[in-house]
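Working through the structure, step by step
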Amino acid sequence: MKHPVSTARLDELAKTIRSKNAGVDRITFDVIFPTRAAFDRVVESGVMSRERIAALYRIPEARITDFVVFEPALAIKFTIARTRPSGSPGDGDIFGAQQYAPLLALEVPGVGDG
Amino acid sequence: MRTLRFLCPNGHLGFAPLKVPSFELGVANRPDFILADSGSDDIGPGPLGHDVSASPREWQEHDLEHMLLAARSLGVPMIIGSAGDTGTNSRVALYVSMIRDIARRHGLAPFRIGWFHSEVDRERLRAAIRCGDAIRGLDGRDDLDEAELGATSRVVAVAGIHPYVELLDRGADVIIGGRSSDAVIFAAPAIRAGFPAALSYYLGKVLECASFCAEPYGAKETVIGSISDHDVQVTAMHPEQRCTVASVAGHAMYERSNPYFETVAGGVLDMSTCRYEQVDERTTRVTGPRFEPATEFRVKLEGAAKVGERYVGVVGIRDPYTIAHVEDVLEWSRSQLRERLGVDGYEVHFNVFGRDGVMGDLEPLRDRPAHELCVVVQGIAPTCARAEEVAMIATRQMFYARLPDVKGTAGGAAFLLDEVMPASPAYRWSLNHTMRVDGLLDLFPTFIDEVAPA
């Protein structure tokens, strides 16, 4: 890297961080970056690997059904299996639209500074 | 170069009204078709199970009226998919009657209206199971068994392009579709006109949610997609919105597990080979999608099973000691339910807002509750009277929870309302499956009629 950069939160690097139902049994998460540099930095940092996401949400890795680095949209995308289908009694988020919040403060390490 | 142009003013028509100014800008471009999807399984299993709309009638009619008047004035077909959120037979009938009413009110010249049904008789599914033709589970579900089928209130099949093509062939000017894949309402007329299937399905995929494929974010605004033999181009109509490479490619992954593949009745759209380029400030061009036709015809099924009637209570907690022991409070409520009603014949659910009410087991901060909590209590049982009692016991007993060191002995909870409220019946998604069919029109009977306002 040309310029050293310091640690940043994911919500400082991404332009979109969202979650939404993907069908009735799964919730899918999209993190979309405004620039190639921000996208590359997060992909290379490894903070959004399958293992790290499972640890963040405190779920077994097997519940992450898909994990895709989607280069055409400068996006990282993963999908979590629900334990009960959407809208079952007690489901607090029928659309799955507020499940992304823990991603916002994810720490992305600095690069090129040592 | 021949092209066809498709105007889409709304994704999930009825859930919120279309925005009129960008719709009118789009209509001024004289599109060849005006189309919108009106369905979603995001709204939960209740509307399908109970056979009601999630959307207000006024908003449904608002959009149908704008679209019908524009389509009849331009003399182009209007197509609606998954009528009334769920695409059940009653929702199709509702939209057909709205179209007739709007035509009468405006004294429109006669036109032909076509519609089709998507509901599946459960006996047909039972027969398939019994003859060993598995109703296969999707997304990790088991194959359907007779017990789960028996618990299911209503089933719809998700149509491909086939009933739409059939109705266009029969001369329909307006089509009201039962449950269908969002993309196929756009793909059907394009494929019927001879455009490549891959581009046609891609066109539908990108247009199905209207301005969700544009930026900056702004829902319910009109977009226009055009198809040629070589590409799809999509243009935002709102003056402040643009369809960019990023926004169009980004939309391919919206609300789906895999951004590269989209399965419809009849095959799989492969978007992994798509190429995106900016044509002008508001238009992006897409080439290169592929379509793999299915070798066996399978149709997706959605079904909802009733869990019970439902009442809801709301409880506040402010004492930090009680907050630290809120699980003991909930357990006290459950014990009082068991004491009065036994262990069977009802369900109780507690969502503890301020702790993990939104995220449940996915909440990383569930060990750090806020300084006040709101507990939403749901009591569910076969009858309304029993559901009300379940909700009332569970709600009120939080007031009387016995915590050993609590200082406040006059009441352990705060009530916003000292009552429990009737809510819609509780359902659950019992079918997210596929079944084999001999032909892709099999489950979708079509109908056509003249609308001739006197």
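Residues numbered from 1 in each chain as written. Chains lettered and ligands numbered in written order. Predicted model: local features only at pLDDT ≥ 70, side-chain atom pairs only at ≥ 80, totals over all residues. Heavy atoms only, no water.

1. Details of the overall build of chain A
Basically, it comes down to this: For the purposes of this entry, the term helix denotes a DSSP run of H or I that reaches at least four residues, the term strand denotes a run of E that reaches at least two, and both are numbered from the N terminus. With C-alpha atoms as the basis for the radius of gyration, the globule rule is written as 2.2 Å multiplied by the number of residues raised to the power 0.38. Here, residues are in contact when the closest pair of their heavy atoms is within 4.5 Å.
Counting its regular elements, chain A contains three helices and six strands. Its C-alpha radius of gyration of 15 Å places chain A within 12% of the 13 Å reference for a compact globule of 114 residues. Along the longest, intermediate and shortest principal axes, the C-alpha atoms of chain A span 50 × 25 × 20 Å. For chain A, the proportion of contacts with a sequence separation of at least 24, taken over those separated by at least 6, is 61%.

2. Structural notes on the domain arrangement of chain B
Residue and element names in this part refer to chain B. Rule in force here: Source of the domain bounds: an automatic or database domain assignment. For any pair of parts, buried area is found by adding up, for both, the accessible area (1.4 Å probe) each one loses once the two are put together. The rule for a salt bridge is simple: a side-chain nitrogen of Lys or Arg has to be within 4 Å of a carboxyl oxygen of Asp or Glu. Basically, the charged four are Asp, Glu, Lys and Arg, the nonpolar ten are Ala, Val, Leu, Ile, Met, Phe, Trp, Tyr, Cys and Pro, and anything else, Gly included, counts as polar.
We note that the domain assignment places domain 1 (4-118 + 158-297 + 437-451) and domain 2 (306-429) within chain B. Distance from the C-alpha centre of domain 1 to the C-alpha centre of domain 2: 42 Å. Facing the seven residues of domain 1 at the interface are four residues of domain 2. Across the domain 1/domain 2 interface, buried area totals approximately 520 Å², and carbon plus sulfur atoms make up 78% of it. Along the contact surface separating domain 1 from domain 2 lie zero salt bridges. Tallied by class, residues from the side of domain 1 that touches domain 2 come to two nonpolar, four polar and one charged.

3. Digging into the nonpolar core
Residue and element names in this part refer to chain B. Test applied: To qualify as a nonpolar core, a set must consist of buried Ala, Val, Leu, Ile, Met, Phe, Trp, Tyr and Cys residues joined through side-chain atoms within 4.5 Å. A 1.4 Å probe rolled over the protein chains alone gives each residue an accessible area, and that area as a share of the maximum for its type sets the label: buried under 20%, exposed over 50%, partly exposed in between.
Grouped together as the largest cluster of nonpolar side chains are 73 residues, with contacts concentrated most on Phe6, Leu125, Tyr202, Leu207 and Leu301. What tyrosine 202 contacts, discounting residues up to four positions off in sequence, is Val232, Val248, Leu269, Met271, Cys274, Tyr276, Val286 and Pro289. If you look at the next biggest cluster of nonpolar residues, it comprises 34 residues, including Val27, Met78, Val174 and Ile224.

4. Looking at the layout of surface pockets
Rule in force here: A cavity here means a set of 1 Å grid points, computed over protein atoms only, where a 1.4 Å probe fits but cannot escape. A pocket is an open set with protein on both sides within 12 Å along at least 5 of 7 lines, and lining residues have an atom within 4 Å of a point. Grid points are joined across faces, edges and corners, and a volume is the space filled by probe spheres set on the points.
The space that makes up the second largest pocket amounts to roughly 530 Å³. When contributions to the lining of the second largest pocket are tallied by element, the ones reaching two or more residues are β5 (75-81) of chain A together with α12 (326-341) and β16 (347-353) of chain B. The element best represented in the lining of the second largest pocket is β16(B), accounting for five residues. When its residues are assigned to classes, the lining of the second largest pocket shows 11 nonpolar, eight polar and 11 charged.

5. Examining the packing of aromatic side chains
How we decide: Any Phe, Tyr or Trp ring, taking Trp's six-membered ring, that has another such ring centre within 6.5 Å forms a pair; planes under 30 degrees apart are called stacked, those over 60 apart edge-to-face, and the others tilted. Throughout this description, the term charge over a ring refers to an Arg CZ or Lys NZ atom that lies within 6 Å of the ring centre and within 35 degrees of the ring normal.
Applying the stated criterion to the full structure yields 15 aromatic pairs over all chains. Summarising the aromatic geometry, the rings of A:Phe95 and B:Phe15 are spaced 5.8 Å apart at their centres and angled 35 degrees between planes, so their arrangement reads as tilted. Placement of the pair is A:Phe95 in the loop between β5 and β6 (107-108) and B:Phe15 in the loop between β1 (4-8) and α1 (20-27), with the two residues belonging to separate chains. Residue classification places A:Phe95 among the partly exposed residues on the basis of a relative accessible area of 26%. Assessed through its relative accessible area of 34%, B:Phe15 is described here as partly exposed. One aromatic cluster in this structure is built from A:Phe29, A:Tyr57 and A:Phe78. The ring of B:Phe195 has B:Arg2 lying over it, and the distance from NZ or CZ to the ring centre is 4.0 Å.

6. Concerning the sheet that holds strand β14 (residues 290-293) of chain B
All names here are of chain B. As a reminder of what qualifies: Two strands qualify as a pair provided that DSSP identifies no fewer than 2 bridges between them. Helix axes use the C-alpha atoms of the stretch in contact, all axes being lines fitted to C-alpha atoms, and the angles between their N-to-C directions lie in the range 0 to 180 degrees.
Sheet architecture is open: three strands sit in the order β10-β11-β14, paired in antiparallel fashion. Taken across any chain shown, the strands that pair with only one partner, and hence form the sheet edges, are β10 (261-264) and β14. For this sheet, the mean angle separating the axes of adjacent strands, direction not counted, is 20 degrees. Pairing between strand β11 (residues 267-270) and β14: four bridges, direction antiparallel. If you follow valine 268 over to β14, its bridge partner there is glutamate 292.

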